[in-house]
Amino acid sequence: MRRIAKPQYLTIVACLIAGLLGAALAFSGAKILALNAARAEADLYADNLARRAEAIARETDTILEQANNILGVACSQPDLANLRRIAFGARYVKDMGRLVDGRLTCTTSLGAINPPLLVGEPDFIGDRGRRIWVNQRLIIAPDVIGMIIEGGNANAVVSPGAFLDLEFPPFRYSIAVVNSRERTVMRSWGNKIVDDEVLIEGGNRTVDHEGDLISIRCPVPYPICAVAALTRTEAIARQSGFTVALAGIGGAAGMLFALSASLLIRKPRTLISRLMEALRARELTVVYQPIVDLPSGRMVSAEALVRWTDRNGETIRPDVFVAAAEAEGLAGEITVYVLREIERSARSLLQANPELVVTVNIAAADFDDDNFYAVLDDIVQSGIPATQIGIELTERSTVVREVAIPAITRLRKVGHPVYLDDFGTGYSSLSYLQDLGIDAIKIDKAFTDTVGTDSVKVSITPLILEMARTLRLKVVVEGIETTEQRDYFAKALPGCRGQGWLFSRPLTLTQLIAFYE
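Below you will find a few notes about this structure. (Residues numbered from 1 in each chain as written. Predicted model: local features only at pLDDT ≥ 70, side-chain atom pairs only at ≥ 80, totals over all residues. Heavy atoms only, no water.)

Focus on the state of the cysteines
Per the stated rule, a full pass over the model turns up 2 disulfides. The side chain of C218 participates in a disulfide bridge whose partner is C225; the two sulfur atoms lie 2.0 Å from each other. Given an S-S torsion of about 115°, the disulfide between C218 and C225 has right-handed geometry. Judged by relative accessible area, C225 falls into the buried class, the value being 4%. (Disulfide = S-S within 2.5 Å. Buried < 20%, exposed > 50% of the residue type's maximum accessible area, 1.4 Å probe, protein only.)

Some words on the packing of aromatic side chains
Counting across every chain of the model gives 8 aromatic pairs. When the ring of Y45 is compared with that of F168, the centres are 5.6 Å apart and the planes differ by 75°; the resulting orientation is edge-to-face. Remark: F168 occurs in the loop between β7 (154-158) and β8 (172-179) and Y45 occurs in helix α1 (residues 6-68); sequence separation between them is 123 residues. Taking the relative accessible area as the measure of exposure, Y45 reaches 4% and is therefore buried. Judged by relative accessible area, F168 falls into the partly exposed class, the value being 33%. Measuring from centroid to centroid gives 5.0 Å for Y488 and F489, while their planes differ by 90°, and the two rings are edge-to-face. A residue is classified by how much of its surface remains accessible, and Y488, at 29% relative accessible area, is partly exposed. An aromatic cluster is defined as three or more aromatic residues linked by ring pairs; in this entry it consists of Y45, F168 and F171. A cation over a ring is seen here: R410 above Y373, with NZ or CZ 3.6 Å from the ring centre. In this structure, R505 is placed above the aromatic ring of W501, and the distance from its NZ or CZ to the ring centre is 3.6 Å. (Phe/Tyr/Trp six-rings, centres within 6.5 Å; stacked < 30°, edge-to-face > 60°. Helix = DSSP H or I, 4+ residues; strand = E, 2+ residues; numbered from the N terminus. Lys NZ or Arg CZ within 6 Å of the ring centre and 35° of its normal.)

Focus: the side chain of E303
Along the chain, E303 falls in strand β14 (residues 299-309). The class of E303 is buried, set by a relative accessible area of 6%. Looking at E303, its side chain comes within polar contact range of the side chain of K442, at 3.0 Å. A polar contact is formed between the side chain of E303 and the side chain of Q499, at a distance of 3.1 Å. Once residues lying within four places of it in the same chain are set aside, the contact partners of E303 are V287, Y288, Q289, I291, T359, N361, E392, K442 and Q499. (Polar contact = N/O pair within 3.5 Å; in protein donor to acceptor, adjacent residues only side chain to side chain. Contact = heavy atoms within 4.5 Å.)

A closer look at the sheet that holds strand β5 (residues 131-137)
Read across the open sheet, the 7 strands follow the order β3-β2-β1-β7-β6-β5-β4; overall the sheet is antiparallel. Edge positions in the open sheet fall to β3 (111-118) and β4 (124-125), since each of these has one partner strand only. As judged from the 2 bridges shared by β4 and β5, these two strands associate in the antiparallel manner. Each bridged residue has a counterpart across the sheet, and for F124 the counterpart in β5 is I132. The strands that helix α2 (residues 77-89) touches are β1 (93-100), β2 (103-107) and β3; relative to β1, the one it contacts most, it runs at about 150°. (Pairing = 2+ DSSP bridges. Axes fitted to C-alpha atoms, helices over the stretch in contact; angles between N-to-C directions.)

Okay, structure coming up:
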């Protein structure tokens, strides 16, 4: 082996030291720039949160005034109809109630309450006399915490998901109601970020505190404060590409440093590595669960579901590996895999039966994935009409409307029917469904299970069916396991469809063909 001469050795060492010093200086400068950029982002995020909180407060004031202007007998059918019209038209308010002599006598979701419920003391009373409960268990869903605002003889339940579409990881946020008279703070969304005294002081400011970059917005005249925060570590990590680029000017040593940092950041992801290998080796399987017309029991469509048993015989649950793929930005790989498998194996079945539809679950990331649309185009070009490939998306994947609505429009324009999956779990309203412009809703199994029980969710089901009827949407009921459930929905809505173990478990394609025939 050739030995390195001493002068060469000294030169290499000198270059490495010089490169490290240059990289260190550039890195320090990049950190300062990254922190300044993060402070500006925190300010913008806090402004958006504050504007949303103000919009919620204004909407609540408006609908409570409308509710108090309704004439007639409290909780009569006309009164409930008017309250439901107001509630369904609201964006952030998801339920309304009528009070008589301090007792909750009816709500838009439950109808009449017998006996009426005595309303307890509020967390505090606002400047305009509004009675406010910040973290109240909801009657309709006791496991859900929400905000209730009462004015006059009406109250309104603010949607627990009112800020879901504004979530902006890794930023943390908090929305708090501040009672400056009693010097108390109650957080209604998010987690505690700053001490109560900071919010009681009010005002708008940006501070660095205990490793956090914090932006506070307390808009006047509402008793609310919005707080956005990001750790200094996360702020620098968000600009890692920029930081590494500047560090690169340090020379070869800086490049080695960037490579080392990159290798450190890439922590082993055993499940993801195995999943990608399984996708390449085509080890995932696609099964189909029939969807039937409830009155006749005839199969009209099927939902394509992906399953994975690895080479060691271990079965990995879909909720585990799909969630892992979404977290790593790889959900689109699974979507394309399923679509290609349908194109390969189910083409003959679909071409022979043009009335059949196969639906595919997609993730929010697919909306922006050009490859997703390209694969759909390929399938259509292969001879499977777009009308036979349905697209299922969840309520959560549609919270960013400016992305979801154009994507849904694009899919439907080509001919793909679009289904809103797990409906009823995400606080959708009539106006929300109108904006999305979907073809069908799939009622979540949680509501199916309440048929024949005393659960308060039973009373929501007719409202969901009425919304679907009003918007002329098709309905698929998920998780049907008993004849009582089947008969209930078949009677409640003509043309209603269902899927569940009462009809069939997921089947291989061969089994599906036999089931259909």
